Amino acid sequence: MSKAITAGTAAVTLALLSGAALADDMVYAGFPVTVKGYSGSKTTSVSYTGQIARHVLHDSLKKLAGSGNGKPNPELKAKMMAYFGGKDAGREIIAPATKGPFAISQSAVDDISKGKNLSGKTFEAAVTGMPNGMIGPELVEFWIDKASSADKGFDKDNGYDYPQLISKYVMGAVFYNQAADGYLDEYLSADKKPNDKPYKDGAAYTGKEHSWDEAFGYFGTPAHTLKLTPKQVYGIAKRKSEAFADADYNKDGKVDLRTEMTFGPAYYAAGFDASVYDRSNGTNYLHTITKAFLDGRKLLTDAKGEKLTDEQRDRLKRHASVITQNWEKVLAEATFKYAGSVYKDMVKLQTITESNGDPSKQFRKYVKHWGELKGFALALQSGKNNLGETATRLNRLIGAGPLLLNASQVVDIDSQGNYVRDQGPDWGEYMLHMAKVQKLMIDQFGVQARNNDVTQEMQDLARSLGDRSSAEND
Amino acid sequence: MDALFVDYVDRLSDQLLNPQKRVFVGYLASALVLALGVRVFAARTTLLRAPARIFSAGVWWSRSAKADYKIAALNQAIMMGVAPRLISQLAVATLLFEAMHVWFGGRPLVWLEAPGWAVAGAFTVVLFLLDDATKYLLHRCLHAWPLLWCFHKVHHTAETMTPFTVYRTHPVEAVLFALRATLVQAVAMAAFFFFLGDRVELMTVFGANVILFVFNVAGSNLRHSHVWISYGRVIEHVLISPAQHQIHHSVDPRHHDRNFGTVLAIWDWMGRSLCLAERGHEIRYGVTGAAPEPHGLKTVYLEPFREAVAGLSGLRCWRPVKMFSSLNFRPLRRSGIAILAAALAIVFEATVSGASSQDLNIYSHRQPFLINPFIEAYEEQTGVTINIVFASKGLAQRLQAEGPRSPADVVLTVDIARLHTYADKDLLAPVESAVLTKNIPPRLRDPGNRWFAFSKRARVIVVSKKAEDGFSIKSYEDLTDPKWKGRICARPGSHVYNRALIASLIESRGEEEAQAWAQGLFDNLARRPQGNDRAQVKAIYEGVCDVAIINNYYYGKLKRSDIPEQREWAAAVRLIFPNQDGRGTHVNISGGGVARHSKNKERAVHFLEFLTSETAQKLYGSINFEYPVNPAVEPSDELKSWGTFKEDQMPIARIAELAPQAQRVIDRVGW
């Protein structure tokens, strides 16, 4: 018995040691300083704390957006603006915060990075999916204003859930846009932030290294993601007790938000992978994106502070392309999923109203899911490519607001910021819009996980009926 | 290529190994057991001799049977190429499923309390019945229509029958059967899934439909055999016995066009094509007057095409039986030409871009058929070419996005709410025009001269002619009387027409009373608010309710409609101009303005002035039953025949100002 235990322990130890030996290759950390003539004290060139600070600002803003009491509240609005547009010191981290055994190291935004905001990094193109052609920061500020006077972020009359709208849109207009349209696109040109110069004077990282790190930071995944399953990475964002050990990679008893936490974009990538990991339509967004980041970073480290050759830049661009394409698909998967949620909510609402039941609880869910759908649909349009006709169709199908129980729908916003409503499409027609949104996501983005597929059961049923490839006769 | 071959072999072997297929080895085994039983117990053959009789080389290795095997193998390859190109049952089901959302106003789930097995059972039975009934119908058509018989005949040229004769099918017929299966499965899937949700599943045994499993285990393969099994007179009215199907293959003229059914005999019974099996009857299989080499592959695959072409040229196939009249392609040809013409017209309409700077460009929410007569009249009068961009929604956003680059000169729309949107977004240019000022009363134009009304529409009450107490309605306020409970139809309160009406009530009676009125009306509704104004009149005609509020021109459109049914709707109601003893009937407007960034403002103003001229003002009445805004112009004769009325003199701009307040009233009421 004793020998068996000893042998077992030895085997486990060996396995752990092997894992440790592989650890460096699988973790986005510890890349050495390659800047020529660097005279500082840093031993690693990896840095993306500004991006993590923005994730924290986003999470906190979402929390604040759901804290109104239904009456105009200038104080709340000012506080929300401090997290969206402010850069002042002293902002506490409202979310994510310690939850039971899931202890978090930082409690203030400044503990991560100082002087950061979201508005300065929000996509400044006109948002065609909402009335009045507001640009990104204007739209978020408009929603912040509305959220400050809404009851827990919920606008019953017009059908809006502001925390969801703000959060999902910011995931696209800040995180996805900054990475896909900036760091992984124009920053990869030969002249922009070259690799043979520090990012800025005295920095421990080259221009290209830091650009790449910043894109990684916006993805918001733990540095040790490749040592975890998508389910574990997903669990970390939920701050579940059992996820603490998965998150605390350096085993210091606390989760460091800078390197060990899962934030929005990675959370959704992990969520879709985890939802279909055992199915034929399984996806691998999280690890594919993370590995491409890691491979790109290794390429940069291997360049040893020299200017990148065209061949090296081409390889780096291929990694970037893998990242942006998969990231875009994650946003399309989310749009697909919530279109399905909205559809299913509408079926339930119809059942409730036709039996003269109280639809208020289901209506609340419907509005929440619609907010997620709209937010992600707008986020999807925040990439480097103009989606053109796809965007037009998507925006027309979803509309500026959900179809409400009294058959009205927001169609415009007047010059005073008031919503203008009109009779919307028929209930069945709007349900059909959701099905068409799902089809659009399949046709244009090739989504695979397809959570909440409106016609999934019918597809299964069709399979059970067999094929027609034989010619039989009676 | 190798993969293709492997796939082919897989599919071929699948026929024997898959319980969803007719010749699955298990079904063949059960058929053998039954055949042995018949030989031993009915034909008094010994158990040792029975197999030799069943597997006689004269049957299983005849020229006919060998052709069956070759056809089965060839068809498998052909269908591998053809089947993926046919529309799938899922594609058709999805189309139907989507359309049903519109037909049924959403997705009303039914039978929610039913257990899963009951739903699955119902689906399995309905699918089976639909499948079996349509097989009967198609099979009957294959015999009845000469063109189809040319292809189906291939199956009937079998002179000896084995279970593999089921595969003796011309590919054209196989495609027809595949399309039939597609349609049936799609209809069943879409309907069940739509109404019963994800509880729908097929009841299966080893993956096969449970009913067909029983049918196959019970010896379905003996249909194509020389083993005579009859179920007796009673059962053969319900189920097709192997003997009955063998009769179907008989060359005896008495048996022609009998027993088309697959599983159930009831279809033949109902269709008067049932033939019961007679005891000890000798049957010879095949077709009289068959081609000289009926089992040659060339004859099997090509001869039907030659005969079909010959048949179309006036020659006849071998054994046509008239069941339905022959196809007449003339109407199809006519409708084809019509469709082509319509498509060309649409393409032509769509190519209005490329306008010159001297043209006048109009962004219109008004439908082309309503605005075109004005355009034609103006073009004739001035020689100016007018280009129109029409859209039911989104033009304000478009104008906003285009900014100073916009080619728009004039904006035309309906309802003050929508006109106000353009003004509110600063998309209209102020206009100074003595003509407009003279022709349009002050209350019907913007105080800032950005928008102008060109026609008026009254929000009237329509009452069923059957409702005798309808005469008592004198005002909008009367509709809140509890005696109308469950008797009023309305479109949603948030629609601009209703919101404007509520704004007029707020203006005249204050917000509190307006809300009480909206609540009273809402409480009296017969159904959930839905549809457009036209749909409310239809609802009265159908007896859903007795009263509705509509814009007056809908009444005119229905009354003068080309569709007889719509004229009946209009005939079912009478018109009431409310509040004649008080403030008057609420009116709204259609109107327009000059686009802020118009490059041709002078011409644009001239066009607006034209719209207030006598010529144009009369057109509003004659085309769309709207009232002129120009006091010097009389309403059309049709409008005058409905009676004159006093209109609410509230400034139209005030409706726009009160719209947010009116919306809050609607929200509080939940209308």
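Think of each chain on its own: its residues are numbered from 1, step by step along the sequence as written. To label them, take the chains in the order written and letter them from A, then take the ligands in the order written and number them from 1. Confidence filtering applies because this is a predicted model: local features only for residues at pLDDT of at least 70, side-chain atom pairs given and counted only at 80 or more, and all residues used for totals across whole chains, interfaces and linings. Note: side-chain values were computed over all heavy atoms of the structure, leaving out hydrogens and water.

**Details of the overall build of chain B**
Helix numbering and strand numbering both begin at the N terminus, where a helix is a DSSP run of H or I of at least 4 residues and a strand a DSSP run of E of at least 2. Looking only at helices and strands, one finds 27 helices and 12 strands in chain B. Atoms considered for the radius of gyration are the C-alpha atoms alone. The globule rule reads 2.2 Å times the number of residues to the power 0.38. In terms of overall dimensions, chain B is more spread out than a globule: its C-alpha atoms have a radius of gyration of 36 Å, far above the 26 Å expected for 671 residues. Dimensions of chain B, computed from the C-alpha atoms along their principal axes, are close to 110 × 60 × 45 Å. Here chain B holds 671 residues, and 53% of them are scored as buried. Sequence-distant contacts in chain B: of pairs separated by 6 or more residues, those separated by 24 or more amount to 76%. Measuring between centres, the 75 positive side-chain charges of chain B sit 8 Å from its 62 negative side-chain charges. Partly exposed residues are those whose accessible area sits between 20% and 50% of the maximum for their type, while under 20% is buried and over 50% is exposed, using a 1.4 Å probe and protein chains only. Here a residue-residue contact requires only that any non-hydrogen atoms of the pair lie within 4.5 Å. Positive charges come from Lys and Arg, negative ones from Asp and Glu, while His and the chain ends are left out of the count. Lys charges are placed at NZ, Arg charges at CZ, Asp charges at CG and Glu charges at CD.

**Thoughts on the pattern of salt bridges**
Side chains that carry opposite charge are capable of pairing whenever their charged atoms lie near each other. All names here are of chain A. One speaks of a salt bridge when a side-chain nitrogen belonging to Lys or Arg is within 4 Å of a carboxyl oxygen belonging to Asp or Glu. Within this structure, the stated rule accounts for 51 salt bridges over all chains. Residue Asp161 is joined to Arg364 by a salt bridge in which the shortest nitrogen-to-oxygen separation is 3.0 Å. With Asp161 in strand 2 (residues 160-161) and Arg364 in helix 12 (residues 360-380), this residue pair connects regions lying 203 residues apart in the sequence. Judged by relative accessible area, which is 26%, Arg364 ranks as partly exposed. Where Lys192 meets Glu186, a salt bridge forms, and the shortest distance between an N and an O atom there is 3.5 Å. Taking the relative accessible area as the measure of exposure, Lys192 reaches 32% and is therefore partly exposed.

**Section: the nonpolar core**
Counting residues in hydrophobic clusters, the biggest one holds 160 residues, and the most contacted among them are Tyr28, Trp143, Ile166, Trp212, Phe293 and Trp327 of chain A together with Phe123 of chain B. Examining the composition of this core, we find that 16 residues originate from one element, helix 11 (residues 310-354) of chain A, more than from any other. The contacts of Tyr28 of chain A, once residues within four sequence positions are left out, are Val46, Tyr48, Trp212, Asp213, Phe216, Ala223, Phe293, Leu294 and Arg297 of chain A. What we call a nonpolar core is a set of buried Ala, Val, Leu, Ile, Met, Phe, Trp, Tyr and Cys residues that are connected through their side-chain atoms within 4.5 Å. Of all hydrophobic cores here, the second largest spans 81 residues; its members include Ala423, Val431, Ile473 and Leu501 of chain B.

**Observations concerning the packing of aromatic side chains**
Residue and element names in this part refer to chain A. Pairs were defined over the aromatic rings of Phe, Tyr and Trp, the Trp ring being its six-membered one, requiring ring centres within 6.5 Å. Orientation was assigned from the angle between planes: stacked under 30 degrees, edge-to-face over 60, tilted for the rest. This structure, assessed with the given rule, holds 52 aromatic pairs over all chains. Where Tyr234 meets Tyr267, the ring centres are 4.8 Å apart and the plane angle is 10 degrees; that geometry is what we call stacked. One end of the pair, Tyr234, is in helix 7 (residues 230-237); the other, Tyr267, is in helix 9 (residues 264-275), and 33 residues separate them in sequence. Classification of Tyr234 as partly exposed rests on a relative accessible area of 25%. Here Tyr267 falls in the buried class, since its relative accessible area comes to 15%. One aromatic cluster in this structure is built from Tyr28, Phe31, Tyr48, Tyr176, Trp212, Phe216, Phe219, Phe293 and Trp327. In this analysis the charged atom, NZ for Lys or CZ for Arg, is taken to sit over a ring once it is within 6 Å of the ring centre and within 35 degrees of the ring normal. When the ring centre of Tyr419 is taken as reference, the NZ or CZ atom of Lys146 above it lies at 4.6 Å. Here the guanidinium or amino end of Lys192 rests over the ring plane of Tyr187, the centre of that ring lying 4.9 Å away.

**Regarding the pairing of strand 7 (residues 452-464) of chain B**
Residue and element names in this part refer to chain B. Along strand 7, 13 of the 13 residues are buried, which leaves the element largely enclosed by surrounding structure. As judged from the 6 bridges shared by strand 7 and strand 11 (residues 587-595), these two strands associate in the antiparallel manner. If you follow Ser455 over to strand 11, its bridge partner there is Ser590. A pair of strands is labelled paired if DSSP reports no fewer than 2 bridges between them. Judged from the 2 bridges that link them, strand 7 and strand 12 (residues 627-628) form a sheet pairing that is antiparallel. Within strand 12, the position partnered with Lys456 by the bridge is Tyr627. The pairing of strand 7 with strand 9 (residues 547-551) spans 5 bridges and is classified as antiparallel. What sits directly across from Val462, in strand 9, is Ala548. Relative to strand 10 (residues 573-576), strand 7 is paired through 4 bridges, and the arrangement is antiparallel. Of the residues in strand 10, the one forming a bridge with Val462 is Leu575.

**What about the interface of chain A and chain B?**
Of the residues lining the interface, 44 residues belong to chain A; the matching set on chain B comes to 71 residues. Of the roughly 4,900 Å² buried at the junction of chain A and chain B (both faces included), carbon and sulfur atoms supply 52%. Taken together, the connections running from chain A to chain B amount to 3 salt bridges. For Asp412 of chain A, the salt bridge identified is with Lys425 of chain B, shortest N-O distance 2.7 Å. In short, buried area is how much 1.4 Å probe accessible area vanishes from two parts on joining, totalled over both.

**Let's talk about the state of the cysteines**
Residues and elements named next belong to chain B. Two cysteine sulfurs form what is called a disulfide whenever their separation falls within 2.5 Å. Tallied over the full model, the rule gives 1 disulfide over all chains. Looking at Cys141, it has no disulfide partner, and the nearest cysteine sulfur is the one in Cys150, 15 Å off. Cys141 gets classed as buried once you look at its relative accessible area, which sits at 13%.

**Regarding the layout of surface pockets**
Whether a set of points on the 1 Å grid over the protein atoms alone is a cavity depends on a 1.4 Å probe fitting there but being unable to get out, while an open set qualifies as a pocket with protein on both sides within 12 Å along at least five of seven lines; lining residues are those with an atom within 4 Å of a point. Grid points are joined across faces, edges and corners, and a volume is the space filled by probe spheres set on the points. When its volume is computed, the second largest pocket comes out at roughly 1,300 Å³. What lines the second largest pocket is a set of 48 residues, and nearest its centre among them are Leu405, Asn406 and Ala407 of chain A together with Arg528 and Pro529 of chain B. Elements with a contribution of two residues or more to the lining of the second largest pocket: helix 11, helix 12 and strand 4 (419-423) of chain A together with helix 6 (89-103), helix 20 (511-523), helix 21 (533-541) and helix 27 (652-669) of chain B. Three classes are used, and their members are as follows: Ala, Val, Leu, Ile, Met, Phe, Trp, Tyr, Cys and Pro are nonpolar, Asp, Glu, Lys and Arg are charged, and the others, Gly among them, are polar. Classifying every residue of the lining of the second largest pocket by side-chain character gives 21 nonpolar, 13 polar and 14 charged. Two domains each donate at least three residues to the lining of the second largest pocket, and these are domain 1 (2-312) and domain 3 (457-576) of chain B. What marks off one domain from the next here is an automatic or database domain assignment.

**Quick word on the confidence of the model for chain B**
What pLDDT reports is the predictor's confidence in each residue, on a scale of 0 through 100. Residue-level pLDDT values for chain B average 90, and 93% of them are 70 or greater. Under a pLDDT of 50 for its full length, residues 316-356 of chain B has, in the predicted model, 33 contacts with residues more than four places off or in other chains.

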